Amino acid sequence: MPEGASMMIGDLFGLLPTYGAVIAIALLLAFLITHWALPVIKNKQRLQTSTPHSPTIYLFMFGVAGTLAFWIMLSAMQPILNVTLIAGARTALGTTAQCLAGLIGGVLYGKLRFNSRI
């Protein structure tokens, strides 16, 4: 096995129990808050427009929630632990890539959530 692939597999199994758990908790909190806020926002949206309900609000809200969950999680690691544990998030580009992963996860969750509601 090439050394690069071996290192990636090692990182995957090494980070999954800890970083994966932190991500799961951050996304759980963000999505729970979004589930709580969504009915309020949808009611205000219905009052302002007569357009039929669409999945756009779900995709937007959960996308923002996923992005913020990652950003807050990565930002909180520095003052709490006095080090950025995730090497990929030590630069602005790395942090942006991690937040993009949160955005994608949130949009996918919002799509699944909207489809399961119908």
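Presented here is a report on the structure given in the accompanying data block. (Residues numbered from 1 in each chain as written. Predicted model: local features only at pLDDT ≥ 70, side-chain atom pairs only at ≥ 80, totals over all residues. Heavy atoms only, no water.)

In terms of helices and strands, the protein carries 4 helices and 0 strands. Along the protein, helices (α) and strands (β) appear in the sequence α-α-α-α when read from the amino end. A separation threshold of at least 6 residues defines the contact pool for the protein, and within that pool the share at least 24 residues apart is 73%. If you sum the accessible surface of the protein, you get close to 8,100 Å²; carbon and sulfur atoms cover 73% of it. (Helix = DSSP H or I, 4+ residues; strand = E, 2+ residues; numbered from the N terminus. Contact = heavy atoms within 4.5 Å. Areas by Shrake-Rupley, 256 points an atom, 1.4 Å probe, with all protein chains shown as cover.)

Let's shift gears to the packing of aromatic side chains. Aromatic ring pairs: the centre-centre distance and the angle between the two ring planes describe each pair. For the structure on display, the rule yields 5 aromatic pairs. Considering the side-chain rings of Phe31 and Tyr109, the 4.6 Å spacing of their centres and the 10° angle between planes classify their relative orientation as stacked. Of the two residues, Phe31 is situated in helix 2 (residues 19-48) and Tyr109 in helix 4 (residues 92-117); the sequence distance between them amounts to 78 residues. Accessibility expressed as a relative area gives 10% for Phe31, which makes it buried. Taken together, Phe31, Tyr58, Phe62, Tyr109 and Phe114 form an aromatic cluster joined through their ring pairs. (Phe/Tyr/Trp six-rings, centres within 6.5 Å; stacked < 30°, edge-to-face > 60°. Buried < 20%, exposed > 50% of the residue type's maximum accessible area, 1.4 Å probe, protein only.)

As a further point, take the side chain of Thr34. Looking at the secondary structure, you find Thr34 in helix 2. Of the polar contacts made by the side chain of Thr34, one reaches the backbone oxygen of Ala30; its length is 2.8 Å. Those residues in contact with Thr34 that sit more than four places away from it in its chain are Met61, Phe62 and Ala65. (Polar contact = N/O pair within 3.5 Å; in protein donor to acceptor, adjacent residues only side chain to side chain.)

Another point: the nonpolar core. With 21 residues, the main nonpolar core has Tyr19, Phe70 and Met73 as its most contacted residues. Among the elements of the structure, helix 2, helix 3 (56-81) and helix 4 are those that each provide at least two residues to this core. By residue number, the principal contributor to this core is helix 3, which donates 10 residues. Ignoring anything within four residues of it in the chain, the contact list for Phe70 reads Tyr19, Ile23, Leu27, Gln98, Cys99 and Gly102. (Core = buried A, V, L, I, M, F, W, Y, C linked by side-chain atoms within 4.5 Å.)

Here the focus is a nonpolar patch on the surface. On the surface, Phe60, Val64, Leu68, Trp71 and Ile72 cluster together to form a nonpolar patch covering roughly 500 Å² of accessible area. Judged by relative accessible area, which is 53%, Phe60 ranks as exposed. (Patch = residues over 30% accessible without salt bridge, like charges linked within 9 Å, V, L, I, M, F, W, Y side chains within 5 Å. Salt bridge = Lys/Arg side-chain N within 4 Å of Asp/Glu carboxyl O.)

This part is about the environment of Ala65. Inspection of the secondary structure puts Ala65 in helix 3. Sequence separation of Ala65 and Val107 is 42 residues, and the distance between their C-alpha atoms is 9.2 Å. Other than its neighbours up to four places away in sequence, Ala65 contacts Ala30, Phe31 and Thr34.

Another point: the environment of Leu74. By secondary structure assignment, the location of Leu74 is in helix 3. Considering only alpha carbons, one finds Leu74 and Ile23, 51 residues apart in sequence, at a separation of 9.7 Å. Setting aside anything within four residues of it in sequence, one finds Leu74 in contact with Tyr19, Ile86, Ala89, Thr95 and Gln98.

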